[in-house]
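The chain contents come next:
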Amino acid sequence: MQRAAPNLTALQSTSAAFQALQKHHATTTKHTLRDLFATDDGRFGEFSLEAAGLFLDYAKNTITTETMALLCRLARERNVEIQRDAMFAGEKINTTEHRAVLHTALRAPLKSTNPLIVDGQNVHADIHEVLQQMHAFTDAVRSEKWRGYNGKAITDIVNIGIGGSDLGPKMVCQALRPFEHARLTMHFVSNVDGHDLDAVLSQTNPETTLFVIASKTFTTMETMMNAQTARSWFLQNAKGAKESDLAQHFVAVSTNTQAVKAFGIHPENMFPFWDWVGGRYSVWSSIGLAVALAVGFEQFSEFLAGAHAMDEHFRQAPLEKNMPVILALIGIWQRNFCGSSSLSIAPYHQDLLNFASYLQQLEMESNGKQVALDGELLQIKTCPVIWGNVGTNGQHAYFQLLHQGTDITPVDFIAALHPSHTLPDHHAALLANCFAQSEAFMRGKTADEVRAEMQAKGLAETEIEALLPHRIFPGNRPSNTILMDKLTPASLGALIALYEHKTFVQGVIWGVNSFDQWGVELGKVLATQIRDELVGDNTNAHHDSSTNGLIARARAALQK
Ligand SMILES: O=P(O)(O)OC[C@H]1O[C@](O)(CO)[C@@H](O)[C@@H]1O
């Protein structure tokens, strides 16, 4: 029988596993990464693994066999396996919102699924029904069976959504650009800043544009405002269009049927999903409609299958050989024992341009928490700041700080062994840079090496001594490298699922609820109030003097 997951408690620095790791950390600082590589030829073999088409090299971290054993002990002490099984089984592990967490069910294969019952509903049956609806619709749009109100084929798809209803589909469409339908141009509008929508509307023809209004709640202020503006734009600019023509140009993706109806979208044109899909975990649901439109349903299914392969690995592999668990534990080591406060994501693949932004929401909205699920204030650090950009661009911007700055920032390098283009020479140059950076972070360059180099160039001794401190690289800077054969729907699915499960494992270890986001509420409430003060009659603002002053200036400007 399934064991119920225990409620998560705060990770205590007094726990036996935590203390053992702290003690161990004090001994590891004696050895640099350079020493560890110099004294052990088998390091790469020991600290690397393959799963679901991905390869992870984590040898360039300040870890030893003992470190990994102690980290796995911590994971067991924190019940990672029990919590994982509870998530897959549909237990309501999101206890602050009383919800199951079942994004993994969205990518389970069609044939092999047994019923999975949540609140009396077989979620597998629901999922498959919506997948069929998505299949039929995306085929129709791509094959020109679905056309605009005056018979023209759709040429532009505009996804209007924000957060998880934008970052996932946008990142995936960009990453799978080579698979995109030639006729369809994808656009993503998220910001309430009218410049965002304006930039898209000014390039599109209302007669051939399809809007996908994507919002789990269908109440998010930004999305609702953009959707209303797009609706008015359509009615004003599509020649001879009537209200009833909106049906050919507006579809919705949401859990909120009532609000979708109230907006004027026909229920047949609504693609539902469910409260057990968190926004930042929703690209596998109908929120992925833009992806399926862009790359076709077959490729979308491949994307789901790639994620499912990682799910199976996560469910079955022992902790010691479990890629998401290892990635999570390395992160815990860096954050809680080595003291790093951020993690830089460096995809050496231009098509993963939006991957760091996607991970920002995934990890920071999930684990940017200060209390454990039982309400206790955490005494240890949780999620680091996630940031980054594609290589090689980052090298010419912020890598200086990563090499010689005063903070040690771990880096996740991500690369594909084969490119999706056919241009000669570029790919070897790209991979060379990727591997060179992780080697440079690890090795650094000592004073003796710098001196010898400058002497060989014939520099005067005085100049050598003056330049020496500036040209030393401390090294001993950690990184992971994740390789895939090629960026495909399946490898991308596996990559995203890897980070989802990494995030989950870290949340369990810290003891936080990775599936709520109460921290975004306060600003939303204040914004609604301030908007009334900016454009309405309510001038009786009771804010601090700074906020009052800013409101007064903006109100005056808006009224001119
Ligand atoms: O899909 P919705 O309901 O519009 O929400 C968008 C985003 O807003 C958030 O709730 C945060 O404000 C995210 O978690 C979510 O992805």
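Model, not experiment: these values are computed from the prediction. Here the residue numbers are simple positions, counted from 1 along each chain's written sequence. Thresholds applied to this predicted model are a pLDDT of at least 70 for local features of residues and 80 or more for the giving and counting of side-chain atom pairs; totals over whole chains, interfaces and linings are not thresholded and use all residues. Only hydrogens and water are set aside when side-chain values are computed; all heavy atoms of the structure are taken into account.

Whenever I open this one, the overall build of the chain confuses me. Can you help?
Of regular secondary structure, the chain possesses 21 helices and 13 strands. Overall size of the chain, expressed as C-alpha extent along the three principal axes, is 80 × 65 × 60 Å. Summary of the burial criterion: residues with accessible area below 20% of their type's maximum are buried, those above 50% are exposed, and those between are partly exposed, where the area comes from a 1.4 Å probe applied to protein chains only. A total of 560 residues make up the chain; the buried ones form 52% of that total. In the chain, the share of contacts with a sequence separation of at least 24, taken over all contacts with a separation of at least 6, comes to 74%. By the criteria applied, helices consist of DSSP H or I runs no shorter than four residues and strands consist of E runs no shorter than two, each listed in order from the N terminus. Only heavy atoms enter the contact rule, under which two residues are in contact if any of them lie within 4.5 Å.

Teacher, can you tell me more about unusual backbone geometry here?
What is expected of a backbone is that most residues other than glycine have negative phi and most peptide bonds are trans. In this chain, Gly 391 is followed by Thr 392 through a cis amide linkage whose omega measures 10 degrees. Counting through the fold element by element, Thr 392 comes out in the loop between strand E11 (385-388) and helix H15 (399-404). Phi at His 98 is positive, roughly 55 degrees, even though this residue is not glycine. Phi is positive for Asp 425, which is not a glycine, with a value near 75 degrees. By secondary structure assignment, the location of Asp 425 is in the loop between strand E12 (411-418) and helix H16 (426-443). The class for Asp 425 is exposed, based on a relative accessible area of 68%.

Could you clarify how one ought to interpret the domain arrangement of the chain in this entry?
How big an interface is tends to be stated in terms of the accessible area lost upon association of its parts. Bear in mind that the domain bounds are from an automatic or database domain assignment. In terms of domains, the chain is made up of domain 1 (16-91 + 317-443 + 477-516), domain 2 (117-301) and domain 3 (519-559). Placing a centre on the C-alpha atoms of domain 1 and another on those of domain 2 gives a separation of 33 Å. A quick way to say it: buried area is the sum, across both parts, of accessible area lost when two parts are put together, with a 1.4 Å probe. The junction of domain 1 with domain 2 conceals about 1,900 Å² of combined surface from both sides, 64% of it contributed by carbon and sulfur atoms. The working definition used for a salt bridge is a side-chain nitrogen of Lys or Arg within 4 Å of a carboxyl oxygen of Asp or Glu. Where domain 1 packs against domain 2, one counts 2 salt bridges. When the shortest N-O distance is used, the salt bridge between Arg 177 and Asp 351 registers 3.0 Å. In the analysis that follows, any N or O atom pair within 3.5 Å is treated as a polar contact, provided that within protein one partner can donate a hydrogen and the other can accept it, and provided that, for residues neighboring in sequence, both atoms belong to side chains. There are 9 residue pairs in polar contact (both at pLDDT 80 or more) connecting domain 1 and domain 2. Every element with two or more residues in the side of domain 1 that touches domain 2 is listed here: helix H14 (355-367) and helix H19 (489-510). Classes in brief: Ala, Val, Leu, Ile, Met, Phe, Trp, Tyr, Cys and Pro nonpolar; Asp, Glu, Lys and Arg charged; the others, Gly included, polar. Across the side of domain 1 that touches domain 2, the residue classes break down as 11 nonpolar, 11 polar and 5 charged.

Looking at this model, I keep getting lost on the site of the ligand. Mind explaining?
In the neighbourhood of the ligand, 14 residues make up the surrounding shell, with Ser 165, Ser 215, Lys 216, Thr 217 and Thr 220 lying closest. Ser 215 has a polar side-chain atom sitting 2.6 Å from an oxygen atom of the ligand. In this structure, Lys 216 approaches the ligand through a main-chain N or O atom, which is 2.7 Å from an oxygen atom. Only the protein chains shown count as covering a residue, and every accessible area follows the Shrake-Rupley method with a 1.4 Å probe. Here the ligand has 400 Å² of accessible area as a free molecule, and 88% of this is covered by the chains. When its residues are assigned to classes, the shell around the ligand shows 2 nonpolar, 9 polar and 3 charged. Each residue is tested against the molecule or strand, and it is near if at least one of its non-hydrogen atoms lies within 4 Å.

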